[in-house]
Amino acid sequence: MDIPIDTYELPNGLRVILSEDHRAPIVAVNLWYHVGSAHERAGRTGFAHLFEHMLFQGSEHVGANEHFELVQRAGGTLNGSTWLERTNYYETVPSHHLATALWLEADRMGRLLPAMTQEKLDTQRGVVQNERRWSVDNQPYGTWWERLPALCYPPTHPFHHSLIGSFADLDAASLEDIAEFFRTWYTPDNAVLTIAGDFDPVEARALVQQYYGPIPRGGPRPALADMSLPPTFGAWLRDTVEDDVMVPRLFLASRSPVFGSDAYYPATICAAVLGLRRGSRLKRSLIRDQEVASAVSVSTWDLAKGADLFVIDVTARPGVSAERLEAATVAEVDRLIAEGVTDAEVERALAMLETDIVIALQSAGDRADKLSLFATLLGDPRRLNEELARHRRVRAADVTAFARTRLGADNRASLLYVPKGAAAVAA
Amino acid sequence: MTRPAAGTPRPYRFPRFTRHTLANGLVVLVAPVPDLPLVTIHALVDAGASHDPRGQEGVAQLAAALLAEGTQALDGPALADRFERLGTTLEVGGDWDTAFVEVSGLATRLEAFAHLVAEVLRTPGFAERDVARLRNERLAELLEQQAEPRGLADDMFARFVYAQEARYGLPPGGSTASVSALGRAEVAAFHAARYTPGTTTMIVAGDVEPEAVLAILGRALGDWQGTARVTAPHGAPDAEADGGRTIELVDKADAPQSEIRVGHPAIARGHPAWLRAHVMNAILGGLFSSRINLNLRERHAYTYGAFSSVDARRHAGTFEVATAVQSDVTAPAVSEILAEIARMTEAEVSDDELTLATAYLDGVFPIRYETTSAVAGALAKLVTFGLPDDYYDSYRALIRAMTPADVLAGAQAVLRPEAARIVVVGDVAQVAAPLAALGAGTVRRWDATGAPLDK
């Protein structure tokens, strides 16, 4: 299936994507800024995400928390999220409220700074520090999503540091930082605006022109540090963490081809062969046959620069040691490398990925987000309509070749969580 | 700069559906949604956790989970392979009232899906080894939860708000003691008693025609026989714990945050005040812009988020406020929560607050039903709670007609701040004394296994 895609660019550099669909009276507005935690400067870890919070604190014509209120009063849903390479903001509203959603996003893109105050910054700093406690510090294994990139990317690499940030760096963030970050990165020429769903294209173009046309283009943006990395770690990296947990858990990561590259598609099929649903190799072997694991997932982080991460995540059954969990997991990866994958395994993976893609495109918000993703990270929203074909071109031999070049002992990182005291007992 | 005005709303109707009954008593609901080449089959079975026999708490959810682990003819890997080669996965699960089996995939594969779903419902394998494995996975989950403060807080909250003998006081998946006692015999007996044509509704939503669906389901399930039996004959699952307000403190040493739950049993889904309570909850703690979230998050920065809910069950589910706050503000956060609950029962909300909630619930309605799975899920709610077939057509008008007096009535029907149980999973050393100083109730201390710390 093809979804309709119409793109154009405003003179100020804002890229606009329109995708009409009149099945339900719903429209999604989705705005991606090409800035994430990778763009933070030293001493300001967590700033991109803290900044995302500040975007809900009002702008010149919108009061604090009024953004949420106006969208919900319109019957809409909304949120934002920060990732290593990008930050997004999105609303899905009944279609007769399209103008409100577009206007709200434009007011904060064009006129954020008049609304910023020290009090708001202090409050959101407290909220974000509680978000860190909630999602990282007071959750079993919660530190994994900052320890894993720290283990897998060199200290100078923009993907190395924590996305949620340290308490000290969050404390150091100032209003001047807000202004500088905003002027540098939150500009129309560093953004993609997608409108998907039930709208009239003539009316939508007029609204985009009216609200976004007057916003000036940004200045030059600083280049990121060199993102390039060798294709493998060149060693087996290790980090073992004693944590307040009841059973061990292993994150086995490999350096993997960047999102959207030709070599990326065999990696995603390989992830499905290993870990997607009950019929996958690791679920059958580790959960069902050997009963050493209670949960398995395999995924790619979908990073578009430098190197992506291919991550196997396995939680032990009670009574299974960390060593045994790792040995059993590694044995399956080694077997995949030695024997290769079969055509039947690739067919199974493709059948499920195809259905997943079609099911995801039912929702206007998901369509809009995917279009923004491909436009922001790969420069072309039409890549969304090519996804099925790109997956279908993958052959079993391609997947085997990926496993042999990327999942070997010279390209593994083991982040292993063990219950407190367990390491001492094992020693 | 002038704010944009709203345009003219475009019409929306919840998808039409038809209701049929096969000769063996099996009810079929078909909702044609022809927009994309997809279909969802949702088999809804009146076999939720409140049907667990006493002493076998957890058997309903274990039986539902085992449906995906193989049939008499196909072992687990073979069954998974059949579904996955069709580009779909069998989803199984259950809540307090019902269990379900669901598949979503390309509508051209409806017949193949239907025969597989029928095989799963009628002739599950329940192999000894699979029963033992899934039982042990549930036991592992309970063990892991001792270090996971959110799940621990939820389970301890249920334990303290319901009476000791009430089914709702234990987790729907059962406790370590009850799950340890489950084996193949218990699972098979539960399945025989509750998985029958008369207790099952087949809901089909997507790019399909009713006639074709009925013909296919007739072939797959028309000769299914069986008579349901009552498995949980004694007592109401929602009996409330005796005594007044208490503070139940579960120790997690050095925790940087306290997980807080405040509430009590509320009302059954079928209670006449349900919709009023639903709107009331949106204003109190259901929306981002609710009183509790704006207070605890945006005014005090105590938390990343604070929300309230009224759980929909056939008997009285919980009203609860749930949040996680940094440890040193645990007592003031509890105090603010209690004050917000009380304030809701004492005075009418403003028109501004009311219209925010009603405009949201009215407007967001079409956004909830974008997928075939969501449409099937909405129909499953009609069946579970015995709601009228035109419920989704009348819902929005009922919401728009709500008044501040209705919301106050909803609050007074549900909220009982004086009877609230306050459950905190946190660092006893930091939070016990400030909580006791609140004077909001006796503080009792527990460890993560649920054993008392006070002698």
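Residues numbered from 1 in each chain as written. Chains lettered and ligands numbered in written order. Predicted model: local features only at pLDDT ≥ 70, side-chain atom pairs only at ≥ 80, totals over all residues. Heavy atoms only, no water.

Some details on the overall build of chain B
Part 1 of the reasoning: When its secondary structure is counted, chain B shows 16 helices and twelve strands.
Part 2 of the reasoning: Sorting the 455 residues of chain B into buried and exposed places 59% on the buried side.
Part 3 of the reasoning: Within chain B, contacts between residues separated by at least 24 positions form 81% of all contacts whose residues are at least 6 apart in sequence.
Part 4 of the reasoning: With the model as given, the accessible surface of chain B reaches about 16900 Å², and the carbon-plus-sulfur share is 52%.
Part 5 of the reasoning: Between the mean site of the 41 positive side-chain charges and the mean site of the 56 negative ones, chain B shows a separation of 1 Å. (Helix = DSSP H or I, 4+ residues; strand = E, 2+ residues; numbered from the N terminus. Buried < 20%, exposed > 50% of the residue type's maximum accessible area, 1.4 Å probe, protein only. Contact = heavy atoms within 4.5 Å. Areas by Shrake-Rupley, 256 points an atom, 1.4 Å probe, with all protein chains shown as cover. Lys, Arg positive; Asp, Glu negative; His and termini not counted. Charge placed at Lys NZ, Arg CZ, Asp CG, Glu CD.)

As for the layout of surface pockets
All names here are of chain B.
Part 1 of the reasoning: Its volume calculated, the largest pocket comes out at about 680 Å³.
Part 2 of the reasoning: Around the largest pocket sit 28 residues that line it, and Asp 155, Met 156, Arg 159, Gly 169 and Leu 170 are the ones nearest its centre.
Part 3 of the reasoning: When contributions to the lining of the largest pocket are tallied by element, the ones reaching two or more residues are α4 (128–144), α5 (149–161) and β12 (442–446).
Part 4 of the reasoning: The greatest single-element share of the lining of the largest pocket, amounting to five residues, is contributed by α5.
Part 5 of the reasoning: Among the residues making up the lining of the largest pocket, the classes are represented as 13 nonpolar, nine polar and six charged.
Part 6 of the reasoning: Summarising the domain contributions, the lining of the largest pocket has at least three residues from each of domain 1 (18–221) and domain 2 (246–446). (1 Å grid on protein atoms, 1.4 Å probe; cavity = no way out; pocket = protein on both sides within 12 Å on 5 of 7 lines; lining within 4 Å. Points joined across faces, edges and corners; volume = space filled by probe spheres on them. Nonpolar A, V, L, I, M, F, W, Y, C, P; charged D, E, K, R; others polar. Domains from an automatic or database assignment.)

Considerations on the sheet that holds strand β10 (residues 308–316) of chain A
In a beta sheet, neighbouring strands pair by backbone hydrogen bonds and run either parallel or antiparallel.
All names here are of chain A.
Part 1 of the reasoning: Sheet architecture is open: five strands sit in the order β7-β11-β8-β10-β9, paired in mixed fashion. Either end of the sheet is taken by a strand with one partner, and the two such strands are β7 (235–243) and β9 (293–300). If you compare each strand with its neighbour and ignore which way they point, the axes differ by 15 degrees on average.
Part 2 of the reasoning: Here eight bridges tie strand β8 (residues 249–256) to β10, and the two strands are oriented antiparallel to one another. (Pairing = 2+ DSSP bridges. Axes fitted to C-alpha atoms, helices over the stretch in contact; angles between N-to-C directions.)

Some remarks on the domain arrangement of chain B
Residues and elements named next belong to chain B.
Part 1 of the reasoning: According to the domain assignment, chain B consists of domain 1 (18–221) and domain 2 (246–446).
Part 2 of the reasoning: Of note, the centres of domain 1 and domain 2, computed from C-alpha atoms alone, are 28 Å apart.
Part 3 of the reasoning: Every contact between the two is made by 32 residues of domain 1 and, on the other side, 32 residues of domain 2.
Part 4 of the reasoning: On the domain 1 side of the contact with domain 2, Asp 97, Phe 157 and Phe 160 bury the most area, a combined 24% of that side's loss.
Part 5 of the reasoning: The interface formed by domain 1 and domain 2 holds four salt bridges in total.
Part 6 of the reasoning: The salt bridge partner of Glu 259 is Arg 150, with a shortest N-O separation of 3.8 Å.
Part 7 of the reasoning: Taken together, the connections running from domain 1 to domain 2 amount to eleven residue pairs in polar contact (both at pLDDT 80 or more).
Part 8 of the reasoning: Element by element, the count of residues in the side of domain 1 that touches domain 2 is highest for α5, at ten residues.
Part 9 of the reasoning: For the side of domain 1 that touches domain 2, the class distribution of residues is 18 nonpolar, seven polar and seven charged. (Buried area = accessible area lost by both parts, 1.4 Å probe. Salt bridge = Lys/Arg side-chain N within 4 Å of Asp/Glu carboxyl O. Polar contact = N/O pair within 3.5 Å; in protein donor to acceptor, adjacent residues only side chain to side chain.)

Brief notes about the side chain of Arg 44 of chain A
Residue and element names in this part refer to chain A.
Part 1 of the reasoning: Along the polypeptide, Arg 44 turns up in the loop between β3 (26–33) and α1 (47–54).
Part 2 of the reasoning: Of note is the side chain of Arg 44, whose polar atom sits 2.7 Å from the side chain of Asp 177.
Part 3 of the reasoning: With residues up to four places along the chain from it excluded, the contact list for Arg 44 reads Asp 169, Ala 172, Ala 173 and Asp 177.

Topic: the interface of chain B and chain A
Part 1 of the reasoning: Taken together, the 72 residues of chain B in the interface contact 74 residues of chain A.
Part 2 of the reasoning: Between chain B and chain A, roughly 6600 Å² of surface is buried when both sides are summed, and carbon and sulfur atoms account for 56% of that area.
Part 3 of the reasoning: Taken together, chain B and chain A are joined by ten salt bridges.
Part 4 of the reasoning: Between Asp 352 of chain B and Arg 73 of chain A there is a salt bridge, and its shortest N-O distance comes to 3.6 Å.
Part 5 of the reasoning: Grouping the constituent residues of the side of chain B that touches chain A by class yields 33 nonpolar, 19 polar and 20 charged.

Overview of the nonpolar core
Part 1 of the reasoning: Ranked by size, the top nonpolar core spans 80 residues in total, and within it Phe 14, Val 262, Val 279, Phe 319, Met 344, Leu 379 and Leu 415 of chain B carry the most contacts.
Part 2 of the reasoning: If one sorts the elements of this core by residue count, helix α9 (residues 274–286) of chain B sits on top with eight residues.
Part 3 of the reasoning: Setting aside residues up to four positions removed in sequence, Val 279 of chain B forms contacts with Leu 354, Ala 357, Thr 358, Leu 361, Ile 399, Met 402 and Val 407 of chain B.
Part 4 of the reasoning: Of all hydrophobic cores here, the second largest spans 57 residues; its members include Ile 269, Leu 282, Ile 337 and Leu 361 of chain A. (Core = buried A, V, L, I, M, F, W, Y, C linked by side-chain atoms within 4.5 Å.)

Things to note about the packing of helix α9 (residues 264–275) of chain A against helix α14 (residues 383–392) of chain A
Residue and element names in this part refer to chain A.
Part 1 of the reasoning: At a closest axis distance of 10 Å, the pairing of α9 and α14 adopts a crossing angle of 65 degrees. Looking at the two axes, α9 sits roughly perpendicular to α14. Crossing of α9 over α14 shows right-handed handedness. Here Tyr 265, Thr 268 and Ile 269 of α9 lie close against α14, whose contacting residues are Arg 383, Glu 387, Arg 390 and His 391. (Parallel < 35°, antiparallel > 145°, perpendicular 65-115°, else oblique. Left-handed = near helix turned anticlockwise from the far one by under 90°.)

Quick look at the pattern of salt bridges
Residue and element names in this part refer to chain A.
Part 1 of the reasoning: Applying the stated criterion across every chain yields a total of 64 salt bridges over all chains.
Part 2 of the reasoning: Between Glu 326 and Arg 238 there is a salt bridge, with its nearest N and O atoms 3.2 Å apart. With a gap of 88 residues between them, Glu 326 in helix α11 (residues 322–339) and Arg 238 in strand β7 connect regions that are remote in the sequence.
Part 3 of the reasoning: You can call Arg 238 partly exposed: its relative accessible area is 47%.

A look at the environment of Phe 385 of chain B
Part 1 of the reasoning: Take Phe 385 of chain B: it is sitting in helix α13 (residues 372–385).
Part 2 of the reasoning: Phe 385 of chain B sits 325 residues away from Ala 60 of chain B along the chain, and the two C-alpha atoms are 19 Å apart.

Focus: the environment of Pro 266 of chain A
Residue and element names in this part refer to chain A.
Part 1 of the reasoning: With respect to the helices, strands and loops of the structure, Pro 266 is situated in helix α9.
Part 2 of the reasoning: By relative accessible area, Pro 266 is classed as buried at 9%.
Part 3 of the reasoning: Spatially, the C-alpha atoms of Pro 266 and Asn 130 are 39 Å apart, while their sequence positions differ by 136 residues.
Part 4 of the reasoning: Not counting residues within four places of it along the chain, the set of residues in contact with Pro 266 comprises Val 394, Asp 398, Val 399 and Phe 402.

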